[in-house]
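Here's the letter readout for the chains.
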Amino acid sequence: MAARGRGTGEKGRVLAGDALPLPIRHTNLIFSALFAASLAYLMRRWREKIRNSTPLHVVGITEIFAICGLVASLIYLISFFGIAFAQSVVSNSDDEEEEDFLITAQVAPPPSKPAPKQCALLQSAGAAPEKMPEEDEEIVAGVVAGKIPSYVLETKLGDCRRAAGIRREALRRITGREIDGLPLDGFDYASILGQCCEMPVGYVQLPVGVAGPLVLDGRRLYVPMATTEGCLIASTNRGCKAIAESGGASSVVYRDGMTRAPVARFPSARRAAELKCLLENPANFDTLSMVFNRSSRFARLQGIKCAMAGRNLYMRFTCSTGDAMGMNMVSKGVQNVLDYLQNDFPDMDVVSISGNFCSDKKSAAVNWIEGRGKSVVCEAVISEEVVQKVLKTNVQSLVELNVIKNLAGSAVAGALGGFNAHASNIVTAIFIATGQDPAQNVESSQCITMLEAVNDGRDLHISVTMPSIEVGTVGGGTQLASQSACLDLLGVKGANRDSPGSNARLLSAVVAGAVLAGELSLISAQAAGHLVQSHMKYNRSNKDVPKVSC
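Right, let's walk through the structure included here. (Residues numbered from 1 in each chain as written. Predicted model: local features only at pLDDT ≥ 70, side-chain atom pairs only at ≥ 80, totals over all residues. Heavy atoms only, no water.)

Glancing now at the packing of helix 14 (residues 395–413) against helix 18 (residues 502–528). Orientation of helix 14 relative to helix 18, taken along the N-to-C sense of each, is 100 degrees, at an axis distance of 10 Å. Put simply, helix 14 runs roughly perpendicular to helix 18. Taking contact as the criterion, the partners of Ser 397, Leu 398, Leu 401, Asn 402, Lys 405 and Asn 406 in helix 14 are, on helix 18, Glu 519, Ile 523, Ser 524, Gln 526 and Ala 527. Considering only residue class, the contact of helix 14 with helix 18 consists of four nonpolar, five polar and two charged. (Axes fitted to C-alpha atoms, helices over the stretch in contact; angles between N-to-C directions. Helix = DSSP H or I, 4+ residues; strand = E, 2+ residues; numbered from the N terminus. Parallel < 35°, antiparallel > 145°, perpendicular 65-115°, else oblique. Contact = heavy atoms within 4.5 Å. Nonpolar A, V, L, I, M, F, W, Y, C, P; charged D, E, K, R; others polar.)

In structure tokens:
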């Protein structure tokens, strides 16, 4: 296992203290410069053609040379830096030393062969570890000494699992601390390379439970939740039961648009105001949307709203993003528009692609009012019988508690979007289970919970309004095996080809529906005085508490 992925050729050796030969370094610099120069020239020429309505396929002799230079330098750089597929195309080598660089899935050995021994890097401190291979020992020593950057291990070794093991051992030696409880094997490190997590040394195990069935819009859904808080899933499950026995809940996604808000500085406030008027003028929207929409097949500009602070202009772009959460998609579209505007506003200094008027991963009134991602309302009518039998309380107590706690109490606290009991609990648990960005629970958990007595005060109407749920079913962590399985459980895995964006909208409705169930159950527990009792039962461990006999 430890020897897997090592090559004996010059490309495969990464030894402590080794440096690239001078001719190779010079060649790298030459090809890097050629790549950058060719790309810059072609981008400038294509931009001019687009502006002059010249067909892109009409090329001159200098453009042909630039394209050849770009392709040649790209092939060289990809081949040198060890991408396995490119190496196989460029070198056409069948040598075993080249095969060592391929990042392949681990295949179980045939039954006739003995099981492979545990990697030497995984041996616990108490066990007698096998001697580490000499080459791995040299690499670990190089990382510890700072001669080999930790972040290049995957690229140089071509084996993501081996790179993680070497990095882990180097970390152990540098810190002097054992991390035996952090598992290393059993995870596909190639699946996160370049997109999910850098410099991995293991992975964290989180239990995933299921609440349901959640009867929502005629569907029976089982909601996966990853959490370490006892009682959370049990409470949400009780809320699902109450909703199901009352005929189910219904939802509506009333807004769908991701935002990005760059900030630009001008020589004067007057110039900033001129661009503000241009961007918000409906007569210019078609032109701006055409420029914006070039970034993606799914990105469609919906609107632009601006705010000024002195000579700084904050431009909040909103666009649809299909089934992706869409941060990268909207950012690319915004960059297209900024490049286009630079022609008429050469004095515009773009300070940042994000000026916090978006607003991402921060609690902000603009998201509460204007929305970000999916804006969802979910509601249900809970019968008096179910309130008494399942929730163990009464309608009047629930309505009164919601006003005093969720509405008045949150106002006293100066809450921003926090007019609820514990929406963030459910949002975060579903986000982790389905591969969403957990940090976006900040704005995604903004929620106002409303309870009213209906049908002459006998039944309970409950609703949650969540204006900024930011979810996607493609990209990011959604492609990892565990998270993909949780999305598949909900029937929203991947992109919906027949109706782009519908999978992500359904996922946002599921989040709101689960929050509805969680709110219903927790408020009932507090109204009935059962909260402490249930947490003492489900959320306390007596594993390390000695038993005392009377």
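We now examine the side chain of Thr 473. Its location among the elements puts Thr 473 in the loop between strand 11 (459–469) and helix 17 (481–490). Here Gly 494 takes part through its backbone oxygen, which lies 2.7 Å from a polar atom of the side chain of Thr 473. (Polar contact = N/O pair within 3.5 Å; in protein donor to acceptor, adjacent residues only side chain to side chain.)

Time to look at the packing of aromatic side chains. Inspection of the entire model under this criterion finds five aromatic pairs. Residues Phe 187 and Tyr 189 carry aromatic rings whose centres are separated by 5.1 Å and whose planes lie at 65 degrees to one another, so their mutual orientation is edge-to-face. Overall, Phe 187 belongs to the partly exposed group, its relative accessible area being 29%. Classification of Tyr 189 by relative accessible area gives buried; the value is 3%. Pairing Phe 187 with Tyr 203 gives two aromatic rings, centres 5.3 Å apart and planes at 25 degrees, and the pair type is stacked. Of the two residues, Phe 187 sits in the loop between helix 7 (160–175) and strand 1 (208–216) while Tyr 203 sits in the loop between helix 7 and strand 1, which places them 16 residues apart along the sequence. Connected via pairs of aromatic rings, a cluster forms that spans Phe 187, Tyr 189 and Tyr 203. (Phe/Tyr/Trp six-rings, centres within 6.5 Å; stacked < 30°, edge-to-face > 60°. Buried < 20%, exposed > 50% of the residue type's maximum accessible area, 1.4 Å probe, protein only.)

Moving on: the side chain of Ser 359. Position of Ser 359 among the secondary structure elements: in the loop between strand 7 (349–352) and helix 12 (365–370). A relative accessible area of 3% places Ser 359 in the buried class. Looking at Ser 359, its side chain comes within polar contact range of the main-chain oxygen of Asn 356, at 3.4 Å. Leave out the neighbours within four places in its chain, and Ser 359 touches Thr 259, Arg 316, Ala 364, Val 366, Asn 367, Arg 372 and Glu 443.

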